[in-house]
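Take a look at the letters that make up each chain.
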Amino acid sequence: AKIETFYRQIFTDLVVSPEEAQELIAYYKTLNPPPDKLVWLRATAFRLGCEFLSDDNDKNVALLRAINAIVHSLEFTCMLPRDADGNSELDAGEATEFYSKLYSDLSVDREEGEELFEYFKSHIPPKDGLVTMRAMAFKAAVEHLSDDKQSNISLLRCVNVVVHNFERACLVPRKYEFKLKPSFDLSVNLDDAVQELWELDVNRLTPNADYSINVQSGKKPYWKEDSADDPLFDWVDKAAFKRPTYRTFMALLDNYKAETGLAEYVSDVERREIWSFLNAIMETAPMQFCHQYCRAKDPDNIPADEKAFKKLLHKIWFQMYKRERGGRLDSSGFEHVFVGEVKDGSVSGFHNWIQFYIEEKKGKLDYRGYIKPRSKKAARTNSDDHVLTFQFAWNGVEKFVGTSFVGVSPEFEMALYTICFLIGEEENEVDLETGTGDVFGLNIRCYKMARDKIGTAFPEANAHYD
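Presented here is a report on the structure given in the accompanying data block. (Residues numbered from 1 in each chain as written. Predicted model: local features only at pLDDT ≥ 70, side-chain atom pairs only at ≥ 80, totals over all residues. Heavy atoms only, no water.)

Now for the overall build of the protein. What the protein contains, in helices and strands, is 16 helices and 13 strands. The principal-axis extent of the C-alpha atoms belonging to the protein is close to 70 × 45 × 45 Å. A total of 466 residues make up the protein; the buried ones form 53% of that total. Counting only contacts in the protein whose residues sit at least 6 apart along the sequence, the fraction spanning at least 24 positions is 71%. A total of about 21,900 Å² of accessible surface is found on the protein, and carbon and sulfur atoms cover 49% of it. The positive charge centre, built from 58 side chains, and the negative charge centre, built from 77, are 5 Å apart in the protein. (Helix = DSSP H or I, 4+ residues; strand = E, 2+ residues; numbered from the N terminus. Buried < 20%, exposed > 50% of the residue type's maximum accessible area, 1.4 Å probe, protein only. Contact = heavy atoms within 4.5 Å. Areas by Shrake-Rupley, 256 points an atom, 1.4 Å probe, with all protein chains shown as cover. Lys, Arg positive; Asp, Glu negative; His and termini not counted. Charge placed at Lys NZ, Arg CZ, Asp CG, Glu CD.)

Next comes the structure, spelled out in structure tokens:
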């Protein structure tokens, strides 16, 4: 909401003075956005800019310049050239012709988007030509403005796609360093630390805006009937799954066998996928806070070096161990918690909403209703709850009671369970305000396997208040 207000203030007079440009840069520096938020910050400028389009061509030209100034400040503050020397000299005429051709029908389809990306990859100008190349995309758009607002909205969307592919090909995010709020004390208890993690989760999805769930009817765990005719998830905005931490997390979900007792083999490709995920989440505030907090609580055992901390994460989450006695290396903390396993005819683990959504979409998972709260005074279970206890069947095998966070980012859950495992207890009682008017009394359970690895980790909802 703050960034939207800030952008609207800039668009009010359609002029970005040198002083406002410096204010923009200072704002982004203070905001310190993680790499995952850069696309959203830029796209929001275009989205809000559409509100200020009018039937006055001069004002619409000024609006394009204002959006370009915002994009310039964002790139200057938060990104770096992918290749300072470039691989091609800037040909202004060729670039302008290329942009104009794209804008001619006021749409950029998937094939044209890929063509854009390939064009920019093979035409990366030297560092001093990057600003010009991006600005030319806006300049070329001026010739395609009209007196029809809907056409101009389509044009702005095209320019956004062009800039998006320009940034993908020619720029990279600056190294992200989480800046702890001066007011936050790393010596606080776990309850406060978990609430801080929640506030830091800027990648969390918003109920009924980024996704929608249909909780339907409640039941007791021992009730055998299916209390939900429909799936739990109505829809999820697929754009969220393109974010780096979501994308790299989802790449891991098909790397495991569900049945315990069957040996798991990690291929070279899967190893690279694991490290891509760890690298992605360590570029986020929740995981950098997790590192700092664990280090402050246990400096003798938690390494200060980020690379060493990532190795620790790899060990506790991804190193294989035996879940079946006398069996083979068949399990890991990540597989159990986030992917799910089948052991002795029951679903074991499987505490992640993204995996739930994917398996439900495939028709492999049957949501059977939410578990009714023990107390009649508990708040009503509904579609904006970020914590849900439910029953489901996975490939015909039942999970009678399971609790998951809903809508949270992969880095939030990794940070939460890592903190509880490394410096918490097996049972960790916390209160969590989710910002939707709900307060959950949670017991975060974490248990070891193979001496020093995560066996399981999940939330248990003991209370729910409005």
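The buried fraction of strand β8 (residues 365–371) is high, at six of seven residues. Relative to β8, strand β4 (residues 218–219) runs parallel, the two being bridged by two bridges. Along β8, the bridge assignment pairs G218 with Y370. One ladder, built from four bridges, connects β8 with strand β9 (residues 387–394); its direction is antiparallel. (Pairing = 2+ DSSP bridges.)

Estimated volume of the second largest pocket: approximately 620 Å³. Lining the second largest pocket are 32 residues, with I371, K372, P373, T389 and A461 positioned closest to its centre. Within the residue set of the lining of the second largest pocket, elements represented by two or more residues are β8, β9, β10 (397–405) and β13 (453–465). Residue classes in the lining of the second largest pocket are distributed as 14 nonpolar, 11 polar and seven charged. (1 Å grid on protein atoms, 1.4 Å probe; cavity = no way out; pocket = protein on both sides within 12 Å on 5 of 7 lines; lining within 4 Å. Points joined across faces, edges and corners; volume = space filled by probe spheres on them. Nonpolar A, V, L, I, M, F, W, Y, C, P; charged D, E, K, R; others polar.)

So, on to the side chain of D201. Within the element layout of this structure, D201 appears in the loop between α9 (190–200) and β3 (211–213). Side chain to side chain, D201 and S409 meet in a polar contact 2.6 Å long. (Polar contact = N/O pair within 3.5 Å; in protein donor to acceptor, adjacent residues only side chain to side chain.)

In this section: unusual backbone geometry. Outside of glycine, negative phi angles account for most residues, and trans bonds account for most peptide bonds. Phi is positive for Q216, which is not a glycine, with a value near 60°. As for its placement among the helices and strands, Q216 is situated in the loop between β3 and β4. With a phi angle near 55°, D344 is a residue other than glycine that sits in the positive phi range. With respect to the element layout, D344 can be found in the loop between β6 (341–343) and β7 (346–348).

Quick look at the packing of helix α4 (residues 57–78) against helix α8 (residues 149–170) now. The interhelical angle for the contact between α4 and α8, taken along N-to-C directions, is 25°, at an axis separation of 12 Å. Judged by the angle between their axes, α4 and α8 are roughly parallel. Where α4 crosses over α8, the handedness of that crossing is right-handed. Contacts between α4 and α8 involve N60, L63, L64, I67, V71 and E75 from the first element and N152, L156, V163, F166 and E167 from the second. Taken together, the residues of the contact of α4 with α8 break down into seven nonpolar, two polar and two charged. (Axes fitted to C-alpha atoms, helices over the stretch in contact; angles between N-to-C directions. Parallel < 35°, antiparallel > 145°, perpendicular 65-115°, else oblique. Left-handed = near helix turned anticlockwise from the far one by under 90°.)

A few words on the environment of I124. Turning to its location among the elements, I124 is positioned in the loop between α6 (110–122) and α7 (130–142). On a C-alpha basis, the gap between I124 and F338 in space is 40 Å, while along the polypeptide they are 214 residues apart. If we skip the residues at most four places from it in the chain, I124 touches D83, G86, N87, S88, A169 and C170.

Below, the discussion takes up the nonpolar core. Membership of the largest hydrophobic core comes to 83 residues, with the highest contact counts inside it found for F233, W317, F334 and F405. Beyond its immediate chain neighbours, meaning those up to four positions away, F233 contacts Y211, S212, I213, W353, F356, Y357, E360 and V406. With 56 residues, the next largest nonpolar core counts L14, L41, Y119 and M136 among its residues. (Core = buried A, V, L, I, M, F, W, Y, C linked by side-chain atoms within 4.5 Å.)

In this section: the environment of I274. Within the secondary structure, I274 is located in helix α11 (residues 268–281). Taking the C-alpha atoms as reference points, I274 and H314, separated by 40 residues in sequence, lie 8.1 Å from one another.

Scanning the entire structure with this criterion turns up 35 aromatic pairs. Taking the centre distance of 4.9 Å and the plane angle of 25° together, the rings of F318 and F334 count as stacked. Here F318 is found in helix α13 (residues 306–318), whereas its partner F334 is found in helix α14 (residues 333–339), with 16 residues between them in sequence. Assigned by exposure class, F318 and F334 land together as buried. Of the aromatic side chains, those joined through ring pairs into one cluster are Y211, F233, F241, Y246, F350, W353, F356, Y357, Y367, F390, F392 and W394. In this arrangement the basic side chain of R168 is found over the ring face of F117, its NZ or CZ atom lying 3.8 Å from the centre. The ring of W198 is capped by R204, whose NZ or CZ atom sits 4.0 Å from the centre of that ring. (Phe/Tyr/Trp six-rings, centres within 6.5 Å; stacked < 30°, edge-to-face > 60°. Lys NZ or Arg CZ within 6 Å of the ring centre and 35° of its normal.)

In this section: empty space enclosed by the protein. If you walk through the whole model with that rule in mind, you get two cavities of 30 Å³ or more. Within this model, the largest cavity holds a volume of roughly 40 Å³. If you go around the largest cavity, the residues you meet are S88, E89, L90, D91, E94, A95, Y119, H123, P125 and M133. Its residues assigned to classes, the lining of the largest cavity comprises five nonpolar, two polar and three charged. Approximately 40 Å³ is the volume found for the second largest cavity. As for the second largest cavity, its lining consists of P34, D36, L200, V202, N203, T284, A285, P286 and E411. Looking at the lining of the second largest cavity residue by residue, the class counts come to five nonpolar, two polar and two charged.

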